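Working through the structure, step by step
Listed here are the chains, written in short residue letters.
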Amino acid sequence: MHTTTSTATSADGTRIAYDRTGEGPAVVVAAGAFCDRRTFAPLAARLAGEFTVLTHDRRGRGGSGDAEGYDPRREVEDLAAVVDAAGGSAAAFGHSSGAVLVLEAAAAGVPLTRIAAYEPPYSVEPGGTDLRDEVTALVAQGRPADAAKRFLAASGMPAEALAGVDDEPWWPPMAALANTLPYDLALLGDGVPGPGLGRIAVPALLLGGGAGPDFFRDAVTTAAAAVPGAQVRFLDGQGHEVDQDVLAPVLAEFLRA
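Here the structure is a predicted model, which means the values were calculated and not measured. (Residues numbered from 1 in each chain as written. Predicted model: local features only at pLDDT ≥ 70, side-chain atom pairs only at ≥ 80, totals over all residues. Heavy atoms only, no water.)

Let's talk about the overall build of the chain
- Counting its regular elements, the chain contains 10 helices and 8 strands.
- A burial count over the chain gives 50% of its 257 residues as buried.
- Long-range contacts, defined as pairs at least 24 residues apart, comprise 71% of the intrachain contacts of the chain with a sequence gap of at least 6.
- Surface exposure of the chain reaches about 10900 Å², of which carbon and sulfur atoms provide 52%.
- If the 19 positive side-chain charges of the chain are averaged to one point and the 33 negative ones to another, these points end up 5 Å apart. (Helix = DSSP H or I, 4+ residues; strand = E, 2+ residues; numbered from the N terminus. Buried < 20%, exposed > 50% of the residue type's maximum accessible area, 1.4 Å probe, protein only. Contact = heavy atoms within 4.5 Å. Areas by Shrake-Rupley, 256 points an atom, 1.4 Å probe, with all protein chains shown as cover. Lys, Arg positive; Asp, Glu negative; His and termini not counted. Charge placed at Lys NZ, Arg CZ, Asp CG, Glu CD.)

A short note on the side chain of Asp184
- Assignment of secondary structure puts Asp184 in helix α8 (residues 181-188).
- What makes Asp184 buried here is its relative accessible area of 2%.
- Sequence-distant contacts of Asp184, that is, excluding residues within four places in its chain, are made with Gly32, Ala33, Arg58, Arg61 and Ser97.

Re the sheet that holds strand β8 (residues 231-235)
- Sheet architecture is open: 8 strands sit in the order β1-β2-β4-β3-β5-β6-β7-β8, paired in mixed fashion. Each end of this open sheet is capped by a strand with a single partner; those strands are β1 (3-9) and β8. Shown here is a sheet whose adjacent strand axes are inclined to one another by a mean of 25°, direction ignored.
- Here strand β6 (residues 112-118) pairs with strand β7 (residues 204-209) via 4 bridges, running parallel. Its bridge partner lying in β7, Ala116 is registered against Leu205.
- Running at roughly 45° to strand β2 (residues 15-21), helix α2 (residues 72-86) makes contact with β1, β2, β3 (26-30), β4 (52-56), β5 (90-95) and β6 of the sheet. (Pairing = 2+ DSSP bridges. Axes fitted to C-alpha atoms, helices over the stretch in contact; angles between N-to-C directions.)

Focus: the pattern of salt bridges
- One pass over the structure, following the stated rule, counts 16 salt bridges.
- A salt bridge links Arg256 to Glu50; the shortest N-O distance between them is 2.8 Å. Of this pair, Arg256 sits in helix α10 (residues 244-256) while Glu50 sits in the loop between α1 (41-47) and β4; the two residues are 206 residues apart in sequence, bridging distant segments of the chain.
- The salt bridge involving Asp146 is made with Arg143; its shortest N-O contact spans 3.0 Å.
- Looking at Arg143, the relative accessible area reads 38%, which means it is partly exposed.
- The structure contains a network of salt bridges with shared partners spanning Arg58, Arg61, Glu75 and Asp184. (Salt bridge = Lys/Arg side-chain N within 4 Å of Asp/Glu carboxyl O.)

Quick look at the packing of α2 against helix α3 (residues 97-107)
- As a packed pair, α2 and α3 sit with axes 9 Å apart at the nearest point and diverge in direction by 80°. By the angle between their axes, α2 is roughly perpendicular relative to α3. Judged by residue contacts, Glu75, Val76 and Leu79 of α2 engage Leu101, Val102, Glu104 and Ala105 from α3. (Parallel < 35°, antiparallel > 145°, perpendicular 65-115°, else oblique.)

Thoughts on the layout of surface pockets
- Put simply, the largest pocket is a space of about 950 Å³.
- Lining the largest pocket are 36 residues, and of these Ser96, Phe151, Ser155, Phe216 and His240 lie nearest its centre.
- Elements with a contribution of two residues or more to the lining of the largest pocket: α4 (129-140), α5 (144-154), α8 and α9 (214-226). (1 Å grid on protein atoms, 1.4 Å probe; cavity = no way out; pocket = protein on both sides within 12 Å on 5 of 7 lines; lining within 4 Å. Points joined across faces, edges and corners; volume = space filled by probe spheres on them.)

Here we look at the packing of aromatic side chains
- Throughout the structure, instances matching the rule amount to 5 aromatic pairs.
- Ring geometry for Phe40 against Phe93: centres 5.8 Å apart, planes inclined by 80°, an arrangement best described as edge-to-face. Taken together, the positions of Phe40 in the loop between β3 and α1 and Phe93 in strand β5 put the pair 53 residues apart, joining distant regions of the chain.
- Centroid distance Tyr70 to Tyr183: 4.0 Å. Interplanar angle 5°. Geometry classified as stacked. Taken as a pair, Tyr70 in the loop between β4 and α2 and Tyr183 in helix α8 lie far apart in primary sequence, 113 residues in all.
- Looking at Tyr70, the relative accessible area reads 22%, which means it is partly exposed.
- Using a relative accessible area of 11% as the deciding quantity, one classes Tyr183 as buried.
- Positioned over the ring face of Phe254 is Arg114, at 4.4 Å from the centre of the ring. (Phe/Tyr/Trp six-rings, centres within 6.5 Å; stacked < 30°, edge-to-face > 60°. Lys NZ or Arg CZ within 6 Å of the ring centre and 35° of its normal.)

Topic: the nonpolar core
- Residues Leu103, Leu112, Ile115 and Ile200 are the most contacted members of the largest nonpolar core, which totals 39 residues.
- Broken down by element, the residue count for this core peaks at 8 residues, all from α3.
- Setting aside chain neighbours within four positions, we find Leu103 in contact with Ile115, Ala117, Pro120, Tyr122, Leu197, Ile200 and Val227.
- In terms of nonpolar packing, the next biggest core, distinct from the first, is built from 25 residues, Ala44, Leu47, Val53 and Leu247 among them. (Core = buried A, V, L, I, M, F, W, Y, C linked by side-chain atoms within 4.5 Å.)

What follows is the structure, encoded as structure tokens:
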């Protein structure tokens, strides 16, 4: 397996770093909060025998640039730039807020051939703007670690687990990406699927974990109801942090259809 790293230029001039792995039809992967292009490298390796997989750093992360005045439309343009680098069209897979990005990109007319979205964190009822304001304020105050903890608490991490995160080896790189949490939350808007998802006209697969909390199961079915003709599948034994060994064959089956 051979992986190369390149950059694409988004519409506003921001450079977006991406890794390209494998050969075959192109699949662009968008990761969620606290993740960069390396997060789904195991998935890329498992798909590489059949697909060309492009995993990118969303703006503000890793090797990608950033710009003042974040707007969710800029991230859609970033994804479009990676699709263009892939050859002008591609399938796409997104996880969590990355799933929201993929859905929004398809709704905006980015040339995607098929889309798969794993647990986009939508709600049945509007809400979530208070969390966005709190996290954004903490980041603006230069307190990214506190912003990360506030985000994790709202995501359901128990207080006793949060109390010990500073001593965990995974915490420093995770907290280092907390400056982009306002972007993840801004993508969600008021927390419910926008009417634009009704414009999606390509095959769509909404995925979730069979062993996860009810919130994410509801999120998957809520998103699926907004996307015309969307398929829904829950993976046995999986939660929000899906096992990429389990995910890969499910994605491959959908992408090759």
